[in-house]
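One letter stands for each residue in the lines below.
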Amino acid sequence: MKIMKKTKDAMGRVGRNLKRDVARNKYVYFMAIPVVVFYICFCYLPMSGLLIAFQDYSPAKGIWGSKWVGFGNFMDFFRDYQFPRLLRNTLALSFELIIFGFPAPILLALFINELRGKHYRKFVQTVSYLPHFISLVVVCGLISNFTASTGVVNQVLSLFGLEPKTMLMDPKLFHPLFILSDIWQTAGWSSIVYLAAISGIDPGLYEAAAIDGAGRFRRIFHITLPALVPTITILLIMRIGNIMNLGYEKIILLYNPTIMETADIISTFTYRRGLLDADYGFSTAVGMFNSVVNFAILLLANKLSRKTTGESLW
Amino acid sequence: MITKRSCGEVVFDVFNAVFLGVLSLVFLYPMWYVIMAAFSDPSRFVSHTGLLWIPEGFSLSGFQMVLRTASITTGYLNTILYVAAGTALNILLTSMGAYVLSRRKLYIRRFLSLAIVFNMYLSGGLIPFYLTVRSLGLYNTRWALLLPTAINTWNLIVMRTSMAQVPESLEEAAKMDGANDFVILFRVIMPVIKSTVAVMVLFYAVQHWNAWFHAMIFLQDRSKYPLQLFLREILLSGSMTDIAAGSTGEDVNNVLTMNMLKYCTIVVSTLPILCIYPFLQKYFAKGVMIGSVKE
C-alpha cells in the first residue's frame, strides 16, 4: 500500500510539474506534437508490431485475433535449409566489408592530408565525394552494365586475354564486386570525418616533432595516427554494431537466381518472405533475430572497447 | 613548415600525388564514360570497344529518345514533387524537433532525447514498418514517400547540437521584444545556423532524389512512381520497351544501342545532383562533424 501511495504521489508531482512547464512553454510543446506523433507512428508502432513475430499472423484477423505460436517462427527459421547459408553470407559479407572497406577512408584521409598543393587537394577531395551522390539504382545499373559480357570491363579484360563473361552470374565474383563498389561509393565521403579530425590536431605537435628530427613518416605514425585513434574506435564500434545490417537494398538490386548461394543474406530473405510472399509473422521473426543478434554484438563491442581503449558510445 | 625535404620524402610526395591522381580517375571515370557514351553517335558507339575518353562522334539523338519517353517525364515530375515537398517537410519537422530538444530548461527534454536516440539502436524492422504504414492508410499514396521519412534522427541530432551553440542572449533579446518560440526559431535561430540548414537541405534533398525502396514497396500506380523506380526498370530489369517504342531507329534491338540509351537516361537523372554538390561541399565537413560530437 505504501509503495502504491508513493508512486501515486510521484505521478502527481510529475503531472503538476508538467502542467506548469506546458503552461510556461506552450509553443514549445505545440512544436513537439508533430515530432512526437512522427516517432510514435513510424518508430514505436512498428516496434510494437514485433509482437507478430510470435504469431501465425494474418492481416485479416489482426494482431488481437491471430494465433500465438510462441517461438515457433524462430524455430522454423533455424530449421530452414537456407538458414546456414543466410547466416554465413551475412557474416562473411559484413566481415569482408569491415576488413577491406573500413580502413579505406582512413588511408585515403592520410594520403590526402599529406598532399602538397591546396588546389590539387581540394580537387581530389571533391572528386572522391562524387560517387556518394550517385543513386544506388544508378550505381547498380552501372555495375551490371559494365560487368556484362559485352560491358566495358570485359572489353578491357579481353585485351589481356581473359574470357568475357557476365560477372553478376558468377557466384564467386559477387562478394568482390559488392565490396569494391562499396569502397568506391563510400570511401571519399567517409574520409571527411577523418580529415576533419586531422585538421583539429595542434600544428605545434608537428613542429616540435620536426625540430626533434622526426621525418614525415614518423610524424604520420606517431602524431597523425594516434590522434585518429578515438575517431577510429568509435566508428569501428558503430560499424561492428551494424554487422547484421548490410545494404540489403543494393543486394536486392543486384542479385539474381544464379548467385543466391553467395548473395542472399538474412535481410534480403526477410524482404522476400515478408513482402513478396506475404509471410508476415515468419519474416518479422527473421528480422527480429537479425536485429537482436546485431544489438547483442553492439553491446559486446562497446563493452570491449570501454575496457581496452576507454572509448565507448555511451 | 620550413624544413627541407629529404630524398625519401620527395619520392613519397611524388608517389602520393600520382597515386591520388589515379584514384581520382577511378572515382571519376565511370561517370565520365557514361557521359561520353551518352553524347556519342549511336552508329559509331556500337562498334567501339574498350575505354572511352571522348565521345565517338557527336549526337544528341539518344537524349531526344529518352526525353520523349513518357515514363521518364512522369518520373521526373514526380521526383521533383517528392524532393520539394519532402525536403520542406523534413526541414520544418527537424528544426522544430531540434528546437524542442535544445531547450535546456524543458521538463521533458531528457525523456524526449532518450526516446528519440533509442530508435537509432533498435527498431521494429522492415516488415512491422511496412505493415504499420499500410495500416495507417498510406499504401499507394504519395504520403508514403513523405511522412515515414519526415525526420532523420541523425540529422535531428546534428541540428540540435548546432542550435545549442547559438548564444542564449540572442533569444533573450528576442523574447524581450515579445517574440514567441516560432518567431525565435524561424527568424532568429535558423538564420544564425544557416550553414547547417544548408547541409540539411542538401542531405534530405539528395536522399529524396535517390530514394527508390519505399516507392517500390508502397506504390502501385505507375503514375506516382519517382524517377529512380523507372530507372531501375530501365537499367536493371532490362525493360527498354518504353524507350524503344518511342524510337524510329532500326537498330534499337542492338544491345549496344540499348546501352547508349541507358547512359543517356543516367545522365538525365544524375546530372542535376552532380552539378550542385561541388558548390555546397565547403559545408560538408561541418555538417558531418557536428553529428559526430557525442552527447
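This is a predicted model, so every value here is computed, not measured. (Residues numbered from 1 in each chain as written. Chains lettered and ligands numbered in written order. Predicted model: local features only at pLDDT ≥ 70, side-chain atom pairs only at ≥ 80, totals over all residues.)

Q: Which parts of the structure should I look at to understand the overall build of chain A?
A: When helices and strands are tallied, chain A shows 16 helices and two strands. The globule rule puts the C-alpha radius of gyration for 314 residues at 20 Å, and the 26 Å found for chain A is more than 25% above it. Seen along its three principal axes, the alpha-carbon backbone of chain A occupies a region of about 75 × 55 × 40 Å. Split into buried and exposed, the 314 residues of chain A put 31% on the buried side. (Helix = DSSP H or I, 4+ residues; strand = E, 2+ residues; numbered from the N terminus. Rg over C-alpha atoms; globule rule 2.2 N^0.38 Å. Buried ≥ 20, exposed ≤ 12 C-beta atoms within 10 Å, placed from the backbone.)

Q: Would you mind showing me how to read the overall build of chain B here?
A: When its secondary structure is counted, chain B shows 16 helices and zero strands. Residue burial in chain B is summarised as follows: out of 295 residues, 37% are buried. Of the contacts formed within chain B by residues at least 6 apart in sequence, a portion of 71% connects residues at least 24 apart. (Contact = placed C-beta atoms within 7 Å.)

Q: Just checking my understanding: could you explain the domain arrangement of chain B for this structure?
A: The figure often quoted for interface size is the accessible area lost as the parts come together. Residue and element names in this part refer to chain B. Domain annotation for chain B reports domain 1 (7–68 + 240–283) and domain 2 (70–222). Between the C-alpha centres of domain 1 and domain 2 the distance comes to 34 Å. Sorting the residues of the side of domain 1 that touches domain 2 by element identifies helix 3 (61–68) and helix 15 (255–280) as the ones contributing at least two each. When the residues that make up the side of domain 1 that touches domain 2 are grouped by side-chain class, the tally is six nonpolar, one polar and one charged. (Domains from an automatic or database assignment. Nonpolar A, V, L, I, M, F, W, Y, C, P; charged D, E, K, R; others polar.)

Q: What exactly am I supposed to notice about the interface of chain B and chain A here?
A: Listed per partner, the contact involves 76 residues of chain B and 72 residues of chain A. Looking at the side of chain B that touches chain A, the element that brings in the most residues is helix 1 (residues 7–38) of chain B, giving 13 residues. Classifying every residue of the side of chain B that touches chain A gives 50 nonpolar, 20 polar and six charged.

Q: Just checking my understanding: could you explain the domain arrangement of chain A for this structure?
A: Split by domain assignment, chain A resolves into domain 1 (2–58) and domain 2 (73–308). Relative placement of domain 1 of chain A and domain 2 of chain A: their C-alpha centres are 37 Å apart.

Q: What's the story with the packing of helix 6 (residues 103–113) of chain A against helix 10 (residues 171–199) of chain A in this structure? I'm lost.
A: Think of two packed helices as two axes; the pair is described by the angle between the axes and how far apart they sit. Residue and element names in this part refer to chain A. It is the contact of helix 6 with helix 10, at a shortest axis distance of 7 Å, that shows an interaxial angle of 55°. Considered as vectors, helix 6 and helix 10 are oriented oblique to each other. Between helix 6 and helix 10 the crossing geometry is right-handed. Here A104, P105, I106, L108, A109, I112 and N113 of helix 6 lie close against helix 10, whose contacting residues are I183, A187, G188, S190, S191, Y194, L195 and I198. Partitioning the contact of helix 6 with helix 10 into residue classes produces 11 nonpolar, four polar and no charged. (Axes fitted to C-alpha atoms, helices over the stretch in contact; angles between N-to-C directions. Parallel < 35°, antiparallel > 145°, perpendicular 65-115°, else oblique. Left-handed = near helix turned anticlockwise from the far one by under 90°.)

Q: What am I meant to see in the environment of B:L51 here?
A: The topology assignment puts B:L51 in the loop between helix 2 (42–45) and helix 3. Residue classification places B:L51 among the partly exposed positions, given that 13 C-beta atoms sit within 10 Å. Sequence separation between B:L51 and B:Y263 is 212 residues; the distance between their C-alpha atoms is 15 Å. The contact partners of B:L51, leaving out residues within four places of it in the chain, are A:V152 and A:V156.

Q: What am I meant to see in helix 15 (residues 266–276) of chain A here?
A: An α-helix turns once every 3.6 residues. As a result, residues three or four positions apart point the same way. Most of helix 15 of chain A is tucked away: eight of the 11 residues are buried. Along helix 15 of chain A, the positions that sit buried rather than exposed are A:I266, A:S267, A:T268, A:F269, A:T270, A:Y271, A:R273 and A:G274. Structurally, helix 15 of chain A contributes buried residues whose contacts are with helix 5 (83–101), helix 13 (248–254) and helix 16 (280–308) of chain A together with helix 6 (126–135) of chain B.

Q: Whenever I open this one, the nonpolar core confuses me. Can you help?
A: It is characteristic of soluble globular proteins that their nonpolar side chains tend to be buried jointly. Ranked by size, the top nonpolar core spans 123 residues in total, and within it A:V137, A:C140, B:A38, B:Y99, B:V100, B:A215 and B:Y263 carry the most contacts. Residues contacting B:A38, with those up to four places away along its chain left out, are B:G62, B:M260, B:Y263, B:C264 and B:V267. (Core = buried A, V, L, I, M, F, W, Y, C linked by C-beta atoms within 7 Å.)

Q: What is the right way to look at helix 16 of chain A in this model?
A: The first and last C-alpha atoms of helix 16 of chain A sit 42 Å apart over 29 residues, in line with the 42 Å expected at 1.5 Å per residue. One or two steps after helix 16 of chain A, the chain reaches A:G310, where phi turns positive at roughly 80°. (Expected span 1.5 Å × (residues − 1).)

Q: Sorry, what's going on with unusual backbone geometry here?
A: Note: most residues except glycine have negative phi, and most peptide bonds are trans. You will see that A:A278, though not glycine, has its phi angle at about 55°, which is positive. If you trace the backbone, A:A278 turns up in the loop between helix 15 and helix 16. Here A:A278 falls in the exposed class, since 11 other C-beta atoms lie within 10 Å of it. For B:N140, which is not glycine, the phi torsion reads 60° and is therefore positive. For B:N140, the position within the fold is in the loop between helix 6 and helix 7 (143–146).

Q: What is the right way to read the confidence of the model for chain B from this model?
A: The predicted structure's coordinates, where accompanied by low pLDDT, should not be read in detail. Residue and element names in this part refer to chain B. Within chain B, residue pLDDT values average 85, and 88% of them lie at 70 or more. Of all secondary-structure elements in chain B, the lowest mean pLDDT belongs to helix 14 (residues 241–246), at 47, while helix 7 reaches the highest, 96. Of the regions scoring below 50 in pLDDT, residues 240–252 engages in 18 contacts with residues more than four places distant in sequence or in other chains. This complex was scored by the predictor with a pTM of 0.88 and an ipTM of 0.88. (pLDDT = per-residue confidence, 0-100.)

Q: Please explain the packing of helix 8 (residues 136–146) of chain A against helix 13 (residues 227–236) of chain B as it appears in this structure.
A: Across the interface, helix 8 of chain A lies against helix 13 of chain B with an axial gap of 9 Å and an inter-helix angle of 5°. Classified by the angle between their axes, helix 8 of chain A and helix 13 of chain B sit roughly parallel to one another. Note on element contacts: helix 13 of chain B touches helix 8 of chain A through B:Q228, B:L231, B:R232, B:L235 and B:L236, opposite A:V137, A:V138, A:C140, A:G141 and A:S144. Looking at the contact of helix 8 of chain A with helix 13 of chain B residue by residue, the class counts come to six nonpolar, three polar and one charged.

Q: Which parts of the structure should I look at to understand the environment of A:P226?
A: Tracing the sequence through the fold places A:P226 in helix 12 (residues 216–240). Spatially, the C-alpha atoms of A:P226 and A:V28 are 43 Å apart, while their sequence positions differ by 198 residues.

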